[in-house]
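# Secondary and tertiary structure notes
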Amino acid sequence: MVMILEDYKNNMMRCTRCSYCKWIPHPVMSDLRFTGVCPSIEKYHFHGWSGGGKQIAALSLLQGRTEMSESFADMVYQCQMCGGCDVSCKVERDLEPYEVLQCLRFRCVETGQLLDAHTEVMESLKKEDNTMLGLKSERGDWAEGIAVKNLSTEKAEVLFHAGCRYSFDKELHPTARAGLKLLLNAGVDVGIMGREEVCCGGRSYEMGYKGEFLKYAQSQSDLWKAKGIKTVVTPCAECFQAFSVLYDKEKITSQVEILHISTFLDRLISDGKITLKKSVPITVAYHDPCHLGRLSEPWVHWEGREVKVLGQSIIYDPPKNKRTGRGAYDIPRNILGSIPGLKMVEMPRKREYAWCCGSGGGVKQAFPDFAMETAAKRLKEAEAVGAEALVSACPWCKHNFMDAVVDSGSEMKIYDIIDLVAQAM
């Protein structure tokens, strides 16, 4: 059942302004310096910028008390869509603030309240099939010189989908190349699409352009089927979440196994096809990417009805399962734990309550200073637990942290988990 903003009116009316959406739950707070879960409320300091505040704003919009405007759209888009508000809300309530946020963005696009920075991204997507303002003809250049199958003309069981960021961000090309080489050296029958690879559609969905997302989702699904692909492996957390969650949510189905590269590497390590022998003597903190962590929990399809009890409380008939951010947390940590010489420390905000890197939801494009401030707070958190390096498993996280290191003058080293696995070999 495809939901629209009006379908969440009962959710909006049941928000009690408890502010759970702003903080990690009290039982898991371990350091009073790092208790927030919502970057928007920490930046803008007004309730309307929180998950609950946006629910109230959406209700006001539906009731005609608020009009869609440029300032309203700014409030909607000054949010990384990290999902922190959603998992914290569900500790106490059974609301869907994340879906309200998403539907608000759909409504912004439907009514023409667009941000110039996002319009530029979408023009690039429509013209060049990527969100990085790059040329389609240069999409496969990142793999130049690597002896790998091109699946536009050849066959392989495994498709390595680099994603827009890895394909066009030259600073990150070494990581993408290292990831592909790890698979090739392990004997995996793997190939790439090269210049024929297209965007997963995930970022356009988060920015509210659902129509473009559906176009790319269906195109990907058809391509995998036509090429006989059995497994898609991607080093990008956003691509993984789009392929495994958003496609299912919007009922774009395929029989292809979708894996983030961390899961695939973990399998290769367990099977003895990758051996980590070289010591990497460094203390690291692992940053859970939003799209690999809380946002990667499988979509829950529910067909039923909401029933009012005593005119106020809502029960679901039949009951539906809460999505509480049960994502991929253990596998990246298992990999890091298997690297000789490496010491891992945990930050106060981790797993489903991890602080966002700051670059998601179109914030990196439209509000770069906000993205930078959010990343800088994560660097401070890593420094507070004695980490020499911050490690993630997403190119958007890595690049934003790299920018924040330069901007803040921090000495923190930034790695993707691929980088450290390659070093350990």
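Note that this is a predicted model, so its numbers are computed, not measured.

## Topic: the side chain of Ser392
Within the fold, Ser392 resides in strand β10 (residues 389-392). Polar side-chain contacts of Ser392 include one of 3.3 Å to the backbone oxygen of His287. Not counting the four nearest positions on each side in its chain, Ser392 is found in contact with Tyr286, His287, Pro289, Cys397, Tyr415, Asp416 and Ile417.

## Side note on a negative patch on the surface
A surface patch of negative charge is lined by Glu70, Asp116, Glu120 and Glu123. Counting residues per element, the negative patch draws most heavily on helix α7 (residues 116-128), which supplies 3 residues. Its place among the elements puts Glu123 in helix α7.

## A short note on the packing of helix α5 (residues 84-92) against helix α6 (residues 97-110)
Between two packed helices, both the angle of their axes relative to each other and the distance between the axes serve to describe the pair. It is the contact of α5 with α6, at a shortest axis distance of 7 Å, that shows an interaxial angle of 145 degrees. Contacts from Cys85, Asp86 and Cys89 in α5 reach Pro97, Tyr98 and Leu101 in α6. When the residues that make up the contact of α5 with α6 are grouped by side-chain class, the tally is 5 nonpolar, no polar and 1 charged.

## A short note on the packing of aromatic side chains
Scanning the entire structure with this criterion turns up 11 aromatic pairs. When the centroid spacing of 5.7 Å and the interplanar angle of 70 degrees are considered together, the rings of Phe213 and Tyr247 count as edge-to-face. Of this pair, Phe213 sits in helix α11 (residues 210-227) while Tyr247 is found in helix α12 (residues 237-249), placing the two residues 34 residues apart along the sequence. What makes Tyr247 buried here is its relative accessible area of 2%. Measuring from centroid to centroid gives 5.0 Å for Trp224 and Phe243, while their planes differ by 85 degrees, and the two rings are edge-to-face. Placement of Trp224 in helix α11 and of Phe243 in helix α12 is noted, with a sequence separation of 19 residues between them. Here Trp224 matches Phe243 in class, with each residue buried. Grouping aromatic residues by their ring pairs yields a cluster made of Phe106, Tyr205, Phe213, Trp224, Phe243 and Tyr247. Positioned above the aromatic ring of Trp396 is the side chain of Arg203, whose terminal nitrogen or guanidinium carbon lies 3.7 Å from the ring centre.

Thresholds, definitions, all that
- Residues numbered from 1 in each chain as written.
- Predicted model: local features only at pLDDT ≥ 70, side-chain atom pairs only at ≥ 80, totals over all residues.
- Heavy atoms only, no water.
- Helix = DSSP H or I, 4+ residues; strand = E, 2+ residues; numbered from the N terminus.
- Polar contact = N/O pair within 3.5 Å; in protein donor to acceptor, adjacent residues only side chain to side chain.
- Contact = heavy atoms within 4.5 Å.
- Patch = residues over 30% accessible without salt bridge, like charges linked within 9 Å, V, L, I, M, F, W, Y side chains within 5 Å.
- Areas by Shrake-Rupley, 256 points an atom, 1.4 Å probe, with all protein chains shown as cover.
- Salt bridge = Lys/Arg side-chain N within 4 Å of Asp/Glu carboxyl O.
- Lys, Arg positive; Asp, Glu negative; His and termini not counted.
- Charge placed at Lys NZ, Arg CZ, Asp CG, Glu CD.
- Axes fitted to C-alpha atoms, helices over the stretch in contact; angles between N-to-C directions.
- Nonpolar A, V, L, I, M, F, W, Y, C, P; charged D, E, K, R; others polar.
- Phe/Tyr/Trp six-rings, centres within 6.5 Å; stacked < 30°, edge-to-face > 60°.
- Buried < 20%, exposed > 50% of the residue type's maximum accessible area, 1.4 Å probe, protein only.
- Lys NZ or Arg CZ within 6 Å of the ring centre and 35° of its normal.

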